[in-house]
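Coordinates in review
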Amino acid sequence: AIRKAVIAGNWKMNKTPAEAKTLIESIKPLVKSAGCDVVCCVPYVDLSVVLEAAKGTNIGVGAENCHWEKSGAFTGEVSAEMLASMGVKYVIIGHSERRQYFGETNETVNKRIRAALDAGLTVILCVGESLEQREQGVTSELVALQTKIALGGVSKEELSRIIIAYEPIWAIGTGKTATNEQANEVCKTIRDTVAAVYDKAAADAMTIQYGGSMKPGNAAELLAKPDVDGGLIGGASLKPEDFAAIVKAAT
Ligand code: 3PY
C-alpha cells in the first residue's frame, strides 16, 4: 500500500456485550502503537461497551449497518444519527451478507451512504463479486457498477469519508483468499472507477481495503500491493492476537 492503511474488524453477529468488553480490552494493548488506523465494527448492542472501552485509545468504533431515514416507523432499524449521537465514527454499508440475506441493493446502499455521510459518519462501503460472476468474467463491470451507484450524489469533498472494501464473496468466511494479484487488480478497478467519476487526485487519496479471509498469514503480502490500502477483517478480528498481527502487518 502507498497510502496509510486502515484495518477494520467486522465482528458480524458475534459477542454479547460482556464478551465484547473482554474482546476489546484484549485488543486495546495489542494495537496501541499501530502505524495504521484501527477500527472495530461491532453489533449495535455492543456499541456502548466498546465505545466506553475504546475512549482515549487509537481504536475507532463502527457499526455494521444503518438505516437511511433519521427516525420513524421502521421497526428494528437504527439510524445513522443514532449511531453518531453515541460517538460512533464508522459504519459498514453494503456488506455482501446484507446484500445476500437481507435484500440490500445498490440503491439501498446508496441511500444508507447518504444518511451516514449526513450524520457525519465515515462509511466502509463493501463491493465484490460472487464466484459465478467471476467465472462469467464480469467482475470489473460489476464492481464498477456497484461503486458508481453507491456513490451517486456523493460529492468529491465527501469522498474523504468513504472507504471502499473489495470483498470477493467467494472469499468471505470460506477460508479462500483472492490472490494478491486478484485483490490488487480489483482494488485498482475500483480506484479507476473513482477516478473516472471524480478525478485522479480523489482516487489516489481513497482508501481501498481488501476483505475476505485476510489473516496473519496472508495480510503482509496483500497489503504490500500498491492498490490495497488495508483490510476489512472477518473471523480474524475476533482473535486479538490475529487482529493485532494484521494491524502490525499494515504498519
Ligand atoms: C470476511 O473477511 O469474511 C469478511 O466478510 C470481512 O467483512
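Here's a quick rundown of the structure.

Thresholds applied
Counting restarts for each chain: residues are numbered from 1 in the order of the written sequence. Where local features are concerned, this predicted model is filtered to residues with pLDDT of at least 70; where side-chain atom pairs are given and counted, the filter is 80 or more; whole-chain, interface and lining totals use all residues. With hydrogens and water set aside, each side-chain value is computed from the structure's full complement of heavy atoms. Pairing between strands requires that DSSP locate at least two bridges from one strand to the other. Every helix listed is a DSSP run of H or I at least four residues long, and every strand listed is a run of E at least two residues long, numbered separately from the N terminus. Convention adopted: a line fitted to C-alpha atoms gives each axis, helices being fitted over their contacting stretch, and angles between N-to-C directions are expressed from 0 to 180 degrees. The contact criterion used is simple: two residues touch if any of their non-hydrogen atoms lie within 4.5 Å. When the centres of two rings from Phe, Tyr and Trp lie within 6.5 Å, Trp using its six-membered ring, the rings pair. Their planes under 30 degrees apart give stacked, over 60 give edge-to-face, and anything left gives tilted. For every residue, the accessible area (1.4 Å probe, protein chains only) is compared with the maximum for its type, and the residue is labelled buried under 20%, exposed over 50%, or partly exposed between those bounds. Polar contacts, as counted here, are pairs of nitrogen or oxygen atoms within 3.5 Å of one another; within protein the pair requires one atom able to donate a hydrogen and one able to accept it, and residues that are adjacent in sequence qualify only if both atoms are side-chain atoms. By convention in this text, a residue qualifies as near a molecule or strand provided that one of its non-hydrogen atoms is within 4 Å of it. Reported accessibility uses the Shrake-Rupley method at a 1.4 Å probe radius. Residues are deemed covered only where the shown protein chains occlude them. Charged means Asp, Glu, Lys or Arg here, nonpolar means Ala, Val, Leu, Ile, Met, Phe, Trp, Tyr, Cys or Pro, and polar covers whatever is left, Gly included.

Notes on the sheet that holds strand 2 (residues 37–41)
Ordered by their spatial adjacency, 8 strands build a closed barrel running 1-2-3-4-5-6-7-8, and the pairing between neighbours is parallel. The average angle at which neighbouring strand axes cross in this sheet is 25°, direction not considered. Direction of pairing for strand 4 (residues 90–93) relative to strand 5 (residues 122–127): parallel, over a ladder of 4 bridges. The residue bridging Val91 from the neighbouring strand is Val123, located in strand 5. Where helix 7 (residues 139–150) meets the sheet, it contacts strand 5 and strand 6 (162–166), and its direction lies at approximately 150° from that of strand 5. Here helix 11 (residues 240–249) sits on the sheet and contacts strand 1 (6–10), strand 2 and strand 8 (230–233); the angle it forms with strand 1, its principal contact strand, is near 160°.

Observations regarding the packing of aromatic side chains
In the structure shown here, the tally under the stated rule is 2 aromatic pairs. Note on Tyr101 and Phe102: the rings are 6.3 Å apart at their centroids and 90° apart in plane angle, and the pair reads as edge-to-face. Just as Tyr101 is exposed, Phe102 falls in that class too.

Points about the side chain of Ser237
With respect to the helices and strands, the residue Ser237 is situated in the loop between strand 8 and helix 11. Residue Ser237 is classed as buried on the basis of its relative accessible area, which comes to 0%. In terms of polar contacts, Ser237 uses its side chain to reach the backbone carbonyl oxygen of Ile233, at 3.2 Å. Residues within four places of Ser237 in sequence aside, it is in contact with Gly9, Asn10, Trp11, Leu23, Ile27 and Phe243.

Regarding the site of the ligand
Contacts to the ligand come from Asn10, Lys12, His95, Glu167, Ile172, Gly173, Gly212, Ser213, Leu232, Ile233 and Gly234. In this structure, an oxygen atom belonging to the ligand sits 2.9 Å away from a side-chain N or O atom of His95. Notes on the ligand: free accessible area 230 Å², of which the protein chains cover 98%. Grouping the constituent residues of the shell around the ligand by class yields 3 nonpolar, 6 polar and 2 charged.

Focus: unusual backbone geometry
In the Ramachandran plot, Lys12 falls in the positive-phi region, its phi being about 55° despite a non-glycine side chain. Structurally, Lys12 can be placed in the loop between strand 1 and helix 1 (17–31). Despite not being glycine, Lys15 has its phi angle at roughly 85°, a positive value. Note on placement: Lys15 falls in the loop between strand 1 and helix 1. On the basis of relative accessibility, which here comes to 31%, the residue Lys15 falls in the partly exposed class.

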